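Now for the letters of each chain:
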Amino acid sequence: MNIKMPDFDVKKFVKGAGSTLSRVVQLTEEKLGTSEKTEMDARFEHLSERSDSAKLWTEKIMRDTEAALIPNPANRVEDFIFEKIEKQKPKRLSNLEYLGLDMIEGGGEFGQDGPYGSALIKVGQAEQKLGSCERDFIGSAGMCFIQPLKKFLEGEMKTITKEKGVLESKRLDLDACKNRVRKARSMIGQQAKDGISPEVTLEQAERDLRVAQSEFDRQAEITKLLLEGISTTQATHLRYLHSLVEAQVRYYGQCNKIMSDLQRELVSMRPPTPRLRVNSEDVDLTCGPPYLSKFQSQDSSQHYQQTITLHPAIPMTSGQPPLSISPAAFPIVEDSIIAALVANSDPSDISVL
């Protein structure tokens, strides 16, 4: 049975290993300060710094946008894994949608015919709408902003990083050839060793230097063209940014409309009974006039301060007097409100605790 072995170019392998070793030696000598380093021109260095800055800040902005859209890091990791394996993100309910479901279910338990139960159902339905709008916004923001930035990083920036790495390898090869030429020239006039004249060694080193210089110049030009293209991407990214803002405007506009409609519905659902609004609390006046309680305190200056607290009326049962309620559990009302209530109430119906 004949087994065909894959082709293996020994010479190519040895040459590659030799080049890698030469680069390692050259880099080590540069770190030790015993070898010279070919410097790039100022224009190239400026373009390279701008490229590194663009890569850094694009990555930060993309990560921050993802964190703002999906605050839960576990969900972001899950999305990343599913995108790599399933090529799509998993479908999950948002926190607002979960809240809406529980409100609707709770409203049914409390009774949808009652004021609280029906209000819970209405609010739950609105929360579900908000959750749906949020999911749509996350999807549109990902498509119009995050995905283009990710494509830029994985496409153009990845290519630039790769070409800069190739250029660095060519630069190390060039400097290694320069060192060999210098060493060969220093041997001229000395006695040849092993039957090889210094002139032959110098000629080979100079030939290698010309080849290395040509490859380095060609790679430097390729990398420079790629770096110059970075400046044109900012105009494209500006369009992506405008698209993100437009998506946010639509999202918050939809949310505002949903909440405004909900507020009008809740106002229309209020029972048409006489009520008093005090410090964001509704006081039901159908059971009778409210009760007042008085609390007196003394400060550090020996001054007395009197606080009047409003209590909802509690109807008497079985001839028993109204229940005594702690003043701290009720909102404080102004004297003008108290005076108006007292003036329109029967004194026998007002209790001062």
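In this report, the structure presented in the accompanying data block is examined. Everything numeric here is computed off the predicted structure, so don't read it as measured data.

**Some points on the side chain of Ser118**
In step 1: Within the secondary structure layout, Ser118 lies in helix H5 (residues 115-186).
In step 2: Residue Ser118 is classed as buried on the basis of its relative accessible area, which comes to 16%.

**Describing helix H2 (residues 42-69)**
In step 1: In a regular helix each residue adds 1.5 Å, so 28 residues correspond to 40 Å; H2 covers 41 Å between its end C-alpha atoms and thus fits that length.
In step 2: Along H2, the positions that sit buried rather than exposed are Phe44, Leu47, Ser48, Ser51, Ala54, Thr58, Met62, Thr65 and Leu69.
In step 3: Near the N-terminus of H2, the side chain that reaches the backbone nitrogen of Arg43, with its oxygen 3.1 Å away, is that of Asp41.

**Re the state of the cysteines**
Here, the word disulfide means a covalent bond between the sulfur atoms of two cysteines.
In step 1: Under the definition given, this model contains zero disulfides.
In step 2: Of the cysteine sulfurs around Cys133, a residue in no disulfide, the closest is that of Cys255, at 5.5 Å.
In step 3: What makes Cys133 buried here is its relative accessible area of 12%.

**Observations regarding the environment of Met40**
In step 1: Within the fold, Met40 resides in the loop between helix H1 (10-32) and H2.
In step 2: When the C-alpha atoms of Met40 and Arg171 are compared, they prove to be 9.6 Å apart, with 131 residues separating the residues in sequence.
In step 3: Leaving out residues up to four positions away in the same chain, Met40 has contacts with Glu45, Leu167, Phe216 and Ala220.

Thresholds applied
Residues numbered from 1 in each chain as written. Predicted model: local features only at pLDDT ≥ 70, side-chain atom pairs only at ≥ 80, totals over all residues. Heavy atoms only, no water. Helix = DSSP H or I, 4+ residues; strand = E, 2+ residues; numbered from the N terminus. Buried < 20%, exposed > 50% of the residue type's maximum accessible area, 1.4 Å probe, protein only. Expected span 1.5 Å × (residues − 1). Polar contact = N/O pair within 3.5 Å; in protein donor to acceptor, adjacent residues only side chain to side chain. Disulfide = S-S within 2.5 Å. Contact = heavy atoms within 4.5 Å.

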